Amino acid sequence: MAKGKTATVFFCQNCGHESSKWMGQCPGCREWNTFVEETVSKTAKGSSASHSADRRARMVPAVLSEVTVREEDRMSTGMGELDRVLGGGIVQGSLILVGGDPGIGKSTLLLQVCHNLCGQGHTVLYISGEESPAQIKMRADRIGEFSAGMLLLCETNLEEISEVIRNRKPEAVVIDSIQTMYSDNVSAAPGSVSQVRESTGILLQLAKGLGVPVLIVGHVTKEGTVAGPRVLEHMVDAVLYFEGDRHASYRILRGVKNRFGATNEIGVFEMREQGLAEVANASEYMLNGRPENASGSVVACTMEGTRPLLVEIQALVCHSNFGIPRRQTTGTDFNRVNLLMAVLEKRSGVQLAACDAYVNITGGIKIVEPAIDLSIVIAVLSSFRNAVLSPRLTAFGEVGLSGEVRAVSMAKQRVQEAEKLGFETCILPFVCQEECRKNSKIQIIGVKTVQDVIDRIF
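Residues numbered from 1 in each chain as written. Predicted model: local features only at pLDDT ≥ 70, side-chain atom pairs only at ≥ 80, totals over all residues. Heavy atoms only, no water.

Caption draft 1: Broad picture of the pairing of strand β10 (residues 214-219). Of all the 6 residues making up β10, 5 are buried; the element is thus mostly covered by neighbouring parts of the structure. Bridge count between strand β6 (residues 95-100) and β10: 6 bridges; the pairing is parallel. Note on β10: the bridge partner recorded for G99 is G218. Bridge analysis of strand β9 (residues 172-176) against β10 gives 3 bridges, and the strand direction is parallel. Across the sheet, the residue bridging to I175 is I216, located in β10. Following the backbone out of β9, through helix α7 (residues 193-210) and into the adjacent parallel β10, one traces a crossover that is right-handed. (Buried < 20%, exposed > 50% of the residue type's maximum accessible area, 1.4 Å probe, protein only. Helix = DSSP H or I, 4+ residues; strand = E, 2+ residues; numbered from the N terminus. Pairing = 2+ DSSP bridges. Right-handed = clockwise from strand over helix to strand, strands pointing away.)

Caption draft 2: Main features of the nonpolar core. I313, L344, I365, L374, I378, V380 and I427 are the most contacted members of the largest nonpolar core, which has 47 residues in total. Those residues in contact with I365, other than ones at most four positions away along the chain, are I252, R254, I266, E304, L309, V311 and G331. Core analysis: the second largest hydrophobic core is formed by 32 residues, V98, I136, F242 and F269 among them. (Core = buried A, V, L, I, M, F, W, Y, C linked by side-chain atoms within 4.5 Å. Contact = heavy atoms within 4.5 Å.)

Caption draft 3: Main features of helix α5 (residues 133-143). Among the residues of α5, those classed as buried are I136, R139, A140 and I143. Down the axis, α5 shows its buried residues gathered within 100° of arc, on one side only. Residues A134, K137 and M138 are exposed on α5 and point more than 90 degrees away from its buried face. Check the buried side of α5 and you find it contacts α4 (106-119), β7 (124-128) and β8 (150-154). Backbone geometry just downstream of α5 places G144 in the positive-phi region, at approximately 150°. (Arc of directions from axis to C-beta.)

Caption draft 4: Highlighting the packing of aromatic side chains. Tallied over the full model, the rule gives 0 aromatic pairs. Over the ring of F396 we find R414, and its NZ or CZ is 5.5 Å from the ring centre. For the cation-ring pair, K448 lies above F430, with the distance from its terminal atom to the ring centre recorded as 4.6 Å. (Phe/Tyr/Trp six-rings, centres within 6.5 Å; stacked < 30°, edge-to-face > 60°. Lys NZ or Arg CZ within 6 Å of the ring centre and 35° of its normal.)

Caption draft 5: Summary view of the pattern of salt bridges. With the rule as written, the count across this model stands at 13 salt bridges. The salt bridge partner of R254 is E304, with a shortest N-O separation of 2.5 Å. Here R254, found in strand β12 (residues 250-258), pairs with E304, found in strand β15 (residues 297-304); they are 50 residues apart in sequence, far enough to count as distant. Residues R406 and E404 are paired through a salt bridge, measuring 3.0 Å at the closest nitrogen-oxygen approach. Residue classification places E404 among the partly exposed residues on the basis of a relative accessible area of 21%. Among the charged side chains, a network of salt bridges with common partners joins K208, D237 and R259. (Salt bridge = Lys/Arg side-chain N within 4 Å of Asp/Glu carboxyl O.)

Caption draft 6: Broad picture of the sheet that holds β6. Overall, mixed pairing links the 9 strands, which are arranged β8-β7-β9-β10-β6-β11-β12-β13-β14 in an open sheet. Sheet topology places β8 and β14 (275-278) at the edges, where each strand pairs with a single neighbour. Strand-to-strand, the axes of this sheet are offset by a mean angle of 25°, without reference to chain direction. Where strand β11 (residues 238-243) meets β12, 6 bridges bridge the pair, whose relative direction is antiparallel. Directly across from L240, in β12, lies its bridge partner G255. Packing of α5 onto the sheet brings it into contact with β7, β8 and β14, and relative to β8 it is tilted by some 145°. (Axes fitted to C-alpha atoms, helices over the stretch in contact; angles between N-to-C directions.)

Caption draft 7: Inspection of the side chain of R254 at higher detail. For R254, a relative accessible area of 8% puts it in the buried group. In this structure the side chain of R254 is engaged in a polar contact, spanning 2.5 Å, whose partner is the side chain of E304. The contacts of R254, once residues within four sequence positions are left out, are V85, V239, L240, Y241, E243, N264, E265, I266, E304, I365 and K366. (Polar contact = N/O pair within 3.5 Å; in protein donor to acceptor, adjacent residues only side chain to side chain.)

Right under this line is the structure:
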């Protein structure tokens, strides 16, 4: 039999758009310099013909009014923080992508999930394309003793993997990692755009067809996104990202997509010798080690999904020795800080044009919520005037271009979190103060503009 013909095509790494020639800008997602060259086979896939009868049987339109909706069955992972991010547990037949930097703890987290599921009597199949069984065993010994329900397979061929899954019928499957898997139907190398897309499609069919939840590990690029085409994130049901400095002890698991729960939920973990341990009180953990009697330090209350979280915002403002002052931020938007400093200079007459400014959100967490605007403004003013603020002071609110302090959502929950941790004063938007004063023992200070903040505090 003659071999199938091969052809060279170009794929967009961002959206997966296919082209016969290289282009500087992708016509699909309008991104620049994202096309990569790959060799693909034109051989027809034999699997499509074998399942044509099944497809025809399923291609019957359903009447919407007759469709019954039931609560999805979920499996608890045995880790409350992970269940929170997933929306209550693992949904049957779901495809979950876990991404993060190398060494951040992705494989450790999923191995702990396998340990907990096996302890509940479930059968779990752990498929690794990067490590040998001995390496996985060494990592598993640190976590604890596994039951007989833990199955291990070191394989990268998805046709072989699919056969094992159909024969053994596990109740959960872990793939570590998607970049090492390959299909014989695609002639490109493992980790390429076409292989990642084809591999994810095969796993998606297995998950939905057999009703087995599949958790896959995805490597990230230097920009912090999952390597491979962006269509990979669109195909899966949930995308979880590990954040934090891998040299520090804490880890933050953030849900950026979830078809079965809220997005932007976070779970906080601490890396220990036995694996990842849950951090029940994330706010208290984030505020450990706060400096005493230091200017430029303010506690902000932000919302991550449905969870209020207190974080420390530090600012350092000093006169510049150069013609162009330097501005630097860590954990928040650089342009947003420049905007807030311009508002202070224009609306309140604070001369910051000749000053270097450095803003840092401690703990390695990244926050883009505009509710931390007021805390950044207070921290900058505190450092500029070298004024030490009360360690029991917290603030939140969005600052507009006119210098006004605008309302934010879920203000009552933020105040309750601050009161629970022993804070005595909370500065917030004026329109939110009546709601927050009800049944609250904390002192509420409502402000309308940034000038009100200067007059009330400084």
